[in-house]
Amino acid sequence: MKSPNSIGKPGSKPFINKLDFCAVIGSFICLIAAVCVVVPDQQPSWRLGFNGQIIVIGFLLSLMNVMMKRLTPVLFMILELRWGSSTLQNYDAILRNSITVSHTGWVWRTTIGLFILLPFVLSVGYKKFTGGASSIAILSPWPTQRRYGLDLPPLGEYSTMNNSMYYMINSNVPVIAAAEDESNPPPNKPTPYGYNTLILNTHSAALLDMPTSDYVMLIQSSLRGSDSWAMTATVNATVARLNTTYDINKNSLLQMNITENNPLYSVFHFNDFSTGYLPGITIKNEGAHCFLGQFNASHVPIFWTTNITSPEVVAFKSAAMMFNVRREQCSGTWRVNRTSVVLLDGSCNGKRTSQAIFEDSNYLPYWLDILPIYQHSLYDYSNIRRSSAWRAPVFTTTIASTFWARLAYMLSKFKADYPQLRSEFNYSVTTESIISTRATLDASWSLYLLLAVQPVLTLIMLVLTTALYDTPMGEGFGLVALLAGIEKEGLEVLSGAALSGELKEEVKLSVSVVEDKSRQEVGEQIGMVKYSVGENPRSVGVLRRRQRYM
């Protein structure tokens, strides 16, 4: 029987400890939460972004580690008692989660060390999964400022270079650069270049209206780091098409367009090649047209003529290409980040919009602006690259960018002269869709496996602890349990370690289960768990379910 002064509380070992079971459930709940945080293209990952993800996942990994540590000591002590050397030092190291306890076995030093390192390895490891992205569809937070039109991206420190020549060069450079590689054939389907240039096929190109610079700057000011928007909208565009029927009617077309007030303009190059440009006389509601050609000539550097029988006109007639330029309806997709605007995709349906802006010659390209640029940028196509597959696409894109640049440069004056047409060049779209992309963790399978390490280990520990239920060791084992069940015989070997807690050599610990029928408490049989120290450890007896022990 217990001593009348005894305050020890007998107890039974639960088959499955409720707190251990809750720890496993809690660990897997943390895993599910971590997965939800990581899965790309969902609200949690998009809203948190990379920085938010690493904070939340770091917290969840810490919780998983706390829950795993609840089961670790009990399982390790059971394993030590069943198959280990069962020494006091090993139990002490397990309970203190320390690898510095003297005379601890190398197996437990290694195991405990690995479990100490595990959370640090996981904490460093998940941060290495960079380069991911999460995208979701959003609505513009500025519905009244969501405007598109004939505009340029923010030019920053180059904003003072507000002339049509700069606009033209800036928009056309990506195509000119791409055309330098003859091994790369020109596209025969809509292909974007730069911020608003779209080659539709080998003989047509479009310069798309785009988000206005004010709208773009508003978007850029709201972005962080490598965040970006992909914006798709139906817009108007300046479209140029090579007129493939020109050769049939070239004589009549040139005679109609070369007049006293509309001469052929030409710039002479040192290699006996001239670049000629003839503006077309506009026809109401038909947009604009022009003629561009490179021909052999020898004249003064800058030349113009209205004489249709002059050698220059005759030479130009045989070399010229005719282009039709119109305002049409197209669609485009742009990527906007903190520093740039890039056209990603687009298409045009051929549906015309208002052509009124082309009916005033003040808003058409000025020959003295464009011909020197043509002579430099297109010169190679007059000789060594005359048969290049890129010749027609480059010429078509150049014409489109020329008209677009002039319109963009003169737009403020046009709005003042024709206020009724302002909505054609600055408008709110009804078909805008926005995909917002933020930098996140790279959601690879390796990351999911890393997140699952601790929950899986916690579950395995619970299963093993339950399978080894009858082993007389549980979460109650500690200083109180050891003092309550220790046999006095043999304790003298521990003398001298009262303060240091260190022993000069290994000390074995035996655990025995005694079924003593003479001990009763309120009619219930009470068993006993005894501990003894000595050279030869022994473990006798097993625990029974629902049996209480003291």
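None of the values given here were measured: they were computed from a predicted structure. (Residues numbered from 1 in each chain as written. Predicted model: local features only at pLDDT ≥ 70, side-chain atom pairs only at ≥ 80, totals over all residues. Heavy atoms only, no water.)

Chemist: Can you help me understand the sheet that holds strand β7 (residues 210-211) in this one?
Modeler: Strand-to-strand pairing in sheets goes through backbone hydrogen bonds, with the strands running parallel or antiparallel. Taken in spatial order, the three strands line up as β7-β3-β15 in an open sheet, and their pairing is antiparallel. The open sheet is flanked by β7 and β15 (426-428), the only strands paired with a single partner. By the bridge criterion, three bridges tie strand β3 (residues 147-149) to β15 in an arrangement that is antiparallel. Pairing of Tyr 148 across the sheet is with Tyr 427, part of β15. (Pairing = 2+ DSSP bridges. Helix = DSSP H or I, 4+ residues; strand = E, 2+ residues; numbered from the N terminus.)

Chemist: I keep staring at the side chain of Ser 134 and nothing clicks. Help me out?
Modeler: Residue placement: Ser 134 occurs in strand β2 (residues 132-138). A polar side-chain atom of Ser 134 sits 2.8 Å from a polar atom in the side chain of Ser 45. Apart from the residues within four sequence positions on either side, Ser 134 is in contact with Pro 40, Asp 41, Gln 42, Ser 45, Trp 46, Ser 436, Thr 437, Arg 438 and Thr 440. (Polar contact = N/O pair within 3.5 Å; in protein donor to acceptor, adjacent residues only side chain to side chain. Contact = heavy atoms within 4.5 Å.)

Chemist: Is there a simple way to explain the layout of surface pockets in this structure?
Modeler: Vacant regions in the atomic arrangement are exposed by a probe of water-molecule size rolled over the atoms. In this structure, the second largest pocket encloses a volume near 620 Å³. Lining the second largest pocket are 23 residues, and of these Leu 88, Asp 92, Leu 479, Leu 482 and Leu 494 lie nearest its centre. By residue number, the principal contributor to the lining of the second largest pocket is helix α3 (residues 88-96), which donates six residues. Tallied by class, the residues present in the lining of the second largest pocket amount to 16 nonpolar, four polar and three charged. (1 Å grid on protein atoms, 1.4 Å probe; cavity = no way out; pocket = protein on both sides within 12 Å on 5 of 7 lines; lining within 4 Å. Points joined across faces, edges and corners; volume = space filled by probe spheres on them. Nonpolar A, V, L, I, M, F, W, Y, C, P; charged D, E, K, R; others polar.)

Chemist: It is not clear to me how the nonpolar core should be interpreted in this structure. Could you clarify?
Modeler: Generally speaking, nonpolar side chains in soluble globular proteins are found buried as a group. Core analysis: the largest hydrophobic core is formed by 77 residues, its most contacted members being Tyr 148, Leu 208, Trp 229, Tyr 374, Ile 399 and Phe 403. Ranked by the residues each element gives to this core, the list is headed by helix α10 (residues 391-417), at 12 residues. Residues Tyr 126, Phe 129, Leu 462 and Val 529 belong to the second largest nonpolar core, which totals 53 residues. (Core = buried A, V, L, I, M, F, W, Y, C linked by side-chain atoms within 4.5 Å. Buried < 20%, exposed > 50% of the residue type's maximum accessible area, 1.4 Å probe, protein only.)

Chemist: Help me out: how do you make sense of the environment of Ile 281 in this one?
Modeler: Relative to the helices and strands, Ile 281 resides in the loop between β10 (273-279) and β11 (288-296). Considered as a pair, Ile 281 and Asn 262 are 19 residues apart in the sequence and their alpha carbons are 7.8 Å apart. Beyond its immediate chain neighbours, meaning those up to four positions away, Ile 281 contacts Met 256, Asn 257, Thr 259, Asn 262 and His 289.

Chemist: What am I meant to see in the environment of Leu 468 here?
Modeler: Mapped onto the fold, Leu 468 is located in the loop between α11 (445-467) and α12 (479-485). Taking the relative accessible area as the measure of exposure, Leu 468 reaches 11% and is therefore buried. Sequence separation of Leu 468 and Leu 75 is 393 residues, and the distance between their C-alpha atoms is 8.8 Å. For Leu 468, the contacting residues outside a window of four places in its chain are Lys 13, Ile 78, Leu 79, Arg 82 and Trp 83.

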